[in-house]
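# Notes for the structure review
In case you want the letters, here they are:
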Amino acid sequence: MIHEAAFRDSPLANPKICPSENINKIKREDLYSYMKTLYQPNRTVLACIGADHNEFSQMAIEKFGSIKPLWDEELKFKEKKPSGKIDTRKAVWTGGSKIIEKDLSDLNQGFNNQLPELTHLIVGLESPSFMNERDFVTSCVINTLMGGGGSFSAGGPGKGMYSRLYLNVLNRYHFMFSATAYNQSYIDSGIFYIHASAPPQYLEDMCDVIGQELIRMTGPCDPVQLNRAKTQLQSMLFMNLEQRPVLFEDVARQVLSRGRREQAQYYFDRIEAIQEIDIQRVARKMLESPPAVAALGRMGRLNPYERIKKIIATKSVPRKFFR
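Residues numbered from 1 in each chain as written. Predicted model: local features only at pLDDT ≥ 70, side-chain atom pairs only at ≥ 80, totals over all residues. Heavy atoms only, no water.

Okay, the nonpolar core next. Counting residues in hydrophobic clusters, the biggest one holds 47 residues, and the most contacted among them are Ile 142, Met 176, Phe 192, Ile 210, Leu 214 and Met 217. No other element matches the 6 residues that helix α9 (residues 203-216) contributes to this core. For Ile 142, the residues in contact, after removing those within four places along its chain, are Phe 192, Met 217, Ile 279, Val 282, Ala 283 and Met 286. Counting 12 residues, the second-largest nonpolar core is a separate cluster that includes Ala 6, Phe 7, Ala 13 and Trp 93. (Core = buried A, V, L, I, M, F, W, Y, C linked by side-chain atoms within 4.5 Å. Buried < 20%, exposed > 50% of the residue type's maximum accessible area, 1.4 Å probe, protein only. Helix = DSSP H or I, 4+ residues; strand = E, 2+ residues; numbered from the N terminus. Contact = heavy atoms within 4.5 Å.)

Let us look at the pattern of salt bridges. Using the criterion set out here, one finds 15 salt bridges in the structure. Residue Glu 117 is joined to Arg 298 by a salt bridge in which the shortest nitrogen-to-oxygen separation is 2.9 Å. In this pair, Glu 117 is assigned in the loop between β1 (96-101) and β2 (119-126) and Arg 298 in the loop between β6 (292-297) and α14 (304-314), connecting sequence segments 181 residues apart. Of the charged contacts, one joins Arg 134 and Asp 278 as a salt bridge, the two residues approaching to 2.9 Å between their closest N and O atoms. (Salt bridge = Lys/Arg side-chain N within 4 Å of Asp/Glu carboxyl O.)

A complete count under the given rule lists 7 aromatic pairs for this structure. Ring geometry for Tyr 173 and Phe 175: centres 5.7 Å apart, planes at 35°, overall tilted. Assessed through its relative accessible area of 1%, Phe 175 is described here as buried. A cation over a ring is seen here: Arg 270 above Tyr 266, with NZ or CZ 3.6 Å from the ring centre. (Phe/Tyr/Trp six-rings, centres within 6.5 Å; stacked < 30°, edge-to-face > 60°. Lys NZ or Arg CZ within 6 Å of the ring centre and 35° of its normal.)

As structure tokens, this is what we get:
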């Protein structure tokens, strides 16, 4: 929903999961056409760890060079040109809203269920592409700095209990059931967003709280919080790369998107170099983009998009105190 609101009429606005009404329309020919269009050697990265490059390349030629793809094994598909076309349009940030009014009270079922009905709100801003390396790394530090989670999350090392969304939101406002920051980066653009939830009667307050935290990103940054966020991000980087599947994916993704692969130490040093002025500069730039808002649940008379847009435009929360 948030990508549809943020990148209207762009490739990134397409649904990640096939719409249910299209499932029964997909034929075998459609699948083969899709694979013939996209599954090509010039769009493929073959990754290997712990082997000699030349030896591995020779093995790849021997094992894959003579294999015919499925769509070429059948004569009726062999000569058929793919009907699909690769969408090469640049993803352009537009901002906007995707609001779905829905009664979610029936989700809380079961004996003596004490969980309330919730309305879900996502507020997004345009963040740097991973091609803009310094700003991208800064946005990752901002994401860790904001952190967040659920109000009933259990603590533990690296859980982020000292992040801003925990300290300023979940520990302060009883009506906030969750507030988590995310940052997703692409070759053309990126999106930084906060996903929050609260009972429907507190939707207006939730908009004010999230808007307030987005504005605070441009303000002073506690050196202890900043160093903690950088250390946590560096720790997560090395910890994740200890897993072979993650390491494979890291190699393949970097080569596919950038044509080369940088070692973990490279990004460790760039994370370490981020200063308060970088956080404030990138945060200001993100807040200059028109906001994207997605909401699901009961809205009442409030338009959350207009509320968020007013807060970001005026750089102030309409009310000083919350219920």
